Amino acid sequence: MQAQRIVIVGGGFGGAFAARYLKRYAPPGTEIELINSTNYFVFQPLLPEVASGALMLPEATSGNSGWKTK
């Protein structure tokens, strides 16, 4: 049987959640690839706090590099 490959386009809330869910529940050997135009995730509900100066932008973002696992 050939290993499956799942490609998720878009790393927003939906794409990130789908990738994490599939990583946990997909059959062993399934390759999951998340494609996004940026290498970070912006937690959009915190953007008003960033705009008002209550938070700095790094506090509302998370790098995607830590998501890659083999």
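Before reading on, note that the structure itself is shown above.
Basis of the calculations
- Here the residue numbering is sequential within each chain, running from 1 through the sequence in written order.
- Where totals are concerned, whole chains, interfaces and linings use all residues; where local detail is concerned, this predicted model gives features only for residues with pLDDT of at least 70, and gives and counts side-chain atom pairs only at 80 or more.
- The side-chain numbers reported here are obtained from all heavy atoms of the structure, hydrogens and water having been left aside.
- Secondary structure follows DSSP: runs of H or I at least 4 residues long count as helices, runs of E at least 2 residues long count as strands, and numbering of each begins at the N terminus.
- Relative accessibility thresholds used throughout: buried, under 20% of the residue-type maximum; exposed, over 50%; partly exposed, between the two (1.4 Å probe, protein chains only).
- Only heavy atoms enter the contact rule, under which two residues are in contact if any of them lie within 4.5 Å.
- Surface accessibility in these figures is a Shrake-Rupley result with a 1.4 Å probe; residues are shielded only by whichever protein chains are displayed.
- Each patch groups residues whose relative accessible area exceeds 30% and which form no salt bridge, using 9 Å between like charges and 5 Å between nonpolar side chains of Val, Leu, Ile, Met, Phe, Trp and Tyr.
- Salt bridges are defined as contacts in which a side-chain nitrogen from Lys or Arg sits within 4 Å of a carboxyl oxygen from Asp or Glu.

## A closer look at the overall build of the chain
Helix and strand counts for the chain stand at 2 helices and 4 strands. Reading the secondary structure of the chain in the N-to-C direction produces β-α-β-β-α-β. For the chain, the residues scored as buried account for 14% of the 70 residues in total. Taking contacts inside the chain between residues at least 6 apart in sequence as the whole, the part at least 24 apart equals 57%. Surface exposure of the chain reaches about 5,600 Å², of which carbon and sulfur atoms provide 58%.

## What to know about the environment of Pro28
Along the chain, the position of Pro28 falls in the loop between α1 (13-25) and β2 (31-35). Using a relative accessible area of 82% as the deciding quantity, one classes Pro28 as exposed. Each C-alpha atom, one on Pro28 and one on Ala3, is 8.8 Å from the other, the two residues being 25 residues apart in sequence.

## As for a nonpolar patch on the surface
The grouping of Val7, Val9 and Ile35 at the surface amounts to a nonpolar patch, some 280 Å² of accessible area in total. As for its placement among the helices and strands, Ile35 is situated in strand β2. On the accessibility criterion, Ile35 (39% relative accessible area) is partly exposed.

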